[in-house]
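Topology and contacts: notes
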Amino acid sequence: MSIALNLDHSTAIRPQTAARPSLIGLSKAQLAETLVANDVVGEKEGRMRSSQLWNWLYVNGVTDFDRMTNVAKPVRQKLADTFILDRPEIVTEQVSVDGTRKWLFRFRDPQNPNFPAVEVETVYIPESDRGTLCVSSQVGCTLTCSFCHTGTQKLVRNLTAGEILGQILMARERLGDFPGGSRPDDGGLVPSGENRAITNIVMMGMGEPLYNFDNVKQALLIASAGDGMSISKRRITLSTSGVVPYIERTGSEIDVMLAISLHAVRDDLRDVLVPINKKWPLKELLEACRNYPGLSNARRITFEYVMLDGINDSDAEAKELVRLLAGIPAKINLIPFNPWPGSNYGTSPSSRIERFADIVNRAGYASPVRTPRGRDIFAACGQLKSESERLSKKDRDALAGV
């Protein structure tokens, strides 16, 4: 049985005055510039204070300026009067029978605090040797992949770098993953050999990360900074459905691991399953993968392949998958389809998945079958969806007083 903790039932719009800006999501250089521009400190002091703030925010997870004990009290007061250190509100927290945790996080519009909140889902998957956080990049999605529940929710907006990082910070807080924090009892599933509960980040939540490239880039560079969150870039994976023009930039500018939501070996079928294929078909996508910066046997691309009964799971398709990926250092994740209300697909039988995996394995590719996690709380791959909807222009104008 799953456990649901309702931590905030309020859905009403909360009128607010213009909000103080948040410092979460700024690079260290931007922090220094912001402190100086807002007359918190002088230019000579900006760099030193930004380093102190950076440590408090991302190493110690502090949300109260008063706790920054190595910052002078007058500066702390100026900081509190000028900025906020916001994290998302937790609407619900659910715990699966297998230890998976799913949070529904609520964010306020960073440009207009009078607009209704938006909500995203974030999932934590504890395993014996790692703890993986699945992070969202958008509220909703534009891709309408036919097998994905998130794709049935219209895009509301991109998340800011601060909101992407806010998911990580809030999850670390809830998991006791900051110095001095106490961890929940996950039945022994929190990595015993690690000092941290969250060891891996995957940009595989709601949205297409490469349609929000600048904010995702900023967030992941902060998350991987050695003097901050210090999550290794080899433990950060960005998953895309195939936004070809940004694939090279992902490798050269963010330098994280790449995953491709493939799911089909023919353009006619992928056009249906992953409609972005009509814009960037398989030939263009795989060429971009072959040219991914730093690609090697030690830095393979993960190809995700959801197993749909009678749709894409034949022996012939397994052999074609091997042919398509020839010459690309790759791992192929086979994902049993995770059903959701209204879906028109079924999950391939385990015997069919095993046969498909065997063909791929014999060709020399690792092809682990992903064990579904958190299905009982709709936290499994392709099941995420919040209840936020795009506001009509009339509603937005009314809220803005137009």
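As the structure is a prediction and not an experimental result, all values here were calculated from the model.

If you walk through the whole model with that rule in mind, you get five aromatic pairs. With centroids separated by 5.0 Å and ring planes inclined at 70 degrees, the aromatic side chains of Trp54 and Tyr58 adopt a geometry described as edge-to-face. With Trp54 and Tyr58 both in helix H2 (residues 43–58), this residue pair falls four residues apart, about one helical turn. By relative accessible area, which is 1% here, Tyr58 ends up buried. Their ring planes at 35 degrees and their centres at 5.1 Å tell us that Phe213 and Tyr246 sit as a pair that is tilted. Linking Phe213 in helix H5 (residues 213–223) with Tyr246 in the loop between strand E9 (236–240) and helix H6 (247–254), this pair joins segments that are 33 residues apart in sequence. The partly exposed category is assigned to Tyr246, whose relative accessible area is 29%.

The next point concerns the environment of Phe65. Position of Phe65 among the secondary structure elements: in the loop between H2 and helix H3 (73–82). When its relative accessible area of 5% is taken as the criterion, Phe65 is described as buried. Spatially, the C-alpha atoms of Phe65 and Val75 are 9.3 Å apart, while their sequence positions differ by 10 residues. Residue contacts for Phe65: discarding those within four places in its chain leaves Leu23, Leu53, Arg76, Leu79, Ala80, Phe83 and Leu85.

Looking now at the packing of H5 against H6. Running from N to C, H5 and H6 point in directions that differ by 25 degrees, and their axes come no closer than 11 Å. Between H5 and H6, the interaxial angle falls into the category roughly parallel. Once H5 is placed against H6, the crossing between them reads as right-handed. Note on element contacts: H6 touches H5 through Arg249, Thr250, Glu253 and Ile254, opposite Phe213, Asp214, Lys217, Leu220 and Leu221. When its residues are assigned to classes, the contact of H5 with H6 shows four nonpolar, one polar and four charged.

Glancing now at the packing of helix H9 (residues 315–324) against helix H10 (residues 350–362). Running from N to C, H9 and H10 point in directions that differ by 30 degrees, and their axes come no closer than 9 Å. The angle between H9 and H10 places the two elements in the roughly parallel class. H10 is crossed by H9, and the crossing has right-handed handedness. Residue-level inspection shows Asp315, Glu317, Ala318, Lys319, Leu321 and Val322 of H9 in contact with H10, the latter providing Arg352, Arg355, Phe356, Ile359 and Val360. Classifying every residue of the contact of H9 with H10 gives six nonpolar, no polar and five charged.

With that settled, the discussion passes to the side chain of Asp313. Structurally, Asp313 is set in the loop between strand E11 (301–307) and H9. Within the buried core, Asp313 has no salt-bridge partner, and the shortest N-O distance to an opposite charge, that of Arg352, equals 5.3 Å. What Asp313 contacts, discounting residues up to four positions off in sequence, is Met307, Leu308, Ser348, Arg352 and Phe356.

Scoring rules and cut-offs
Residues numbered from 1 in each chain as written. Predicted model: local features only at pLDDT ≥ 70, side-chain atom pairs only at ≥ 80, totals over all residues. Heavy atoms only, no water. Phe/Tyr/Trp six-rings, centres within 6.5 Å; stacked < 30°, edge-to-face > 60°. Helix = DSSP H or I, 4+ residues; strand = E, 2+ residues; numbered from the N terminus. Buried < 20%, exposed > 50% of the residue type's maximum accessible area, 1.4 Å probe, protein only. Contact = heavy atoms within 4.5 Å. Axes fitted to C-alpha atoms, helices over the stretch in contact; angles between N-to-C directions. Parallel < 35°, antiparallel > 145°, perpendicular 65-115°, else oblique. Left-handed = near helix turned anticlockwise from the far one by under 90°. Nonpolar A, V, L, I, M, F, W, Y, C, P; charged D, E, K, R; others polar. Lys, Arg positive; Asp, Glu negative; His and termini not counted. Salt bridge = Lys/Arg side-chain N within 4 Å of Asp/Glu carboxyl O.

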